[in-house]
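# Understanding the architecture of this molecule
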Amino acid sequence: MMTDTGKEKCAHTSLRNEVDQLQLSTNHLKNLVYSMSVVMSERMEHTQEYEALLTLFDTVRNHIEDVQGSSEKISELLEPCALEVSKG
């Protein structure tokens, strides 16, 4: 049977893994958006759709940055919990 401390360590590790995965996914999305914007600027710069797509890319980029900020905040909040769990 797992102790409360063992459960807390397990929960903390699981949450830490999820946050790490979220940060990895965010980085992949940032790279993808950057690559797509390069292709778009090279091939579509003088088309009517360019401005609309640029607005869309900016919106997506902003949301990715919001997610990244949230995952960083969660990581910061997890640090004191890790210290408490390791003491127990």
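Reference entry: report on the structure contained in this document.

### A word on the side chain of Gln68
Counting through the fold element by element, Gln68 comes out in helix H2 (residues 49-87). A distance of 3.1 Å separates polar atoms of two side chains, one belonging to Gln68 and the other to Lys30. Leave out the neighbours within four places in its chain, and Gln68 touches Thr26, Asn27 and Lys30.

### Quick look at a nonpolar patch on the surface
Taken together, Leu29, Leu32 and Met36 make up a surface patch of nonpolar side chains, about 270 Å² in accessible area. Looking at the secondary structure, you find Met36 in helix H1 (residues 4-44). Met36 sits in the partly exposed class, given a relative accessible area of 41%.

### Concerning the side chain of Ser75
Within the secondary structure, Ser75 is located in helix H2. Taking the relative accessible area as the measure of exposure, Ser75 reaches 11% and is therefore buried. Of the polar contacts made by the side chain of Ser75, one reaches the side chain of Arg16; its length is 2.9 Å.

### Details of the nonpolar core
Counting residues in each nonpolar core, the largest one holds five residues, listed as Val33, Met40, Tyr50, Phe57 and Ile64. Per-element accounting of this core gives the leading share, three residues, to H2. Setting aside chain neighbours within four positions, we find Met40 in contact with Glu45, Tyr50, Leu53, Leu54 and Phe57.

### Observations concerning the pattern of salt bridges
Within the structure shown, the criterion is met by three salt bridges. Between Arg16 and Asp20 there is a salt bridge, and its shortest N-O distance comes to 3.1 Å. On the criterion of helical spacing, the pair formed by Arg16 and Asp20 is a turn pair, its members being four residues apart in helix H1. With a closest N to O distance of 3.3 Å, Glu79 and Arg16 form a salt bridge. Of the two residues, Glu79 is situated in helix H2 and Arg16 in helix H1; the sequence distance between them amounts to 63 residues. Glu79 gets classed as partly exposed once you look at its relative accessible area, which sits at 44%.

Definitions and cut-offs
- Residues numbered from 1 in each chain as written.
- Predicted model: local features only at pLDDT ≥ 70, side-chain atom pairs only at ≥ 80, totals over all residues.
- Heavy atoms only, no water.
- Helix = DSSP H or I, 4+ residues; strand = E, 2+ residues; numbered from the N terminus.
- Polar contact = N/O pair within 3.5 Å; in protein donor to acceptor, adjacent residues only side chain to side chain.
- Contact = heavy atoms within 4.5 Å.
- Patch = residues over 30% accessible without salt bridge, like charges linked within 9 Å, V, L, I, M, F, W, Y side chains within 5 Å.
- Areas by Shrake-Rupley, 256 points an atom, 1.4 Å probe, with all protein chains shown as cover.
- Salt bridge = Lys/Arg side-chain N within 4 Å of Asp/Glu carboxyl O.
- Buried < 20%, exposed > 50% of the residue type's maximum accessible area, 1.4 Å probe, protein only.
- Core = buried A, V, L, I, M, F, W, Y, C linked by side-chain atoms within 4.5 Å.

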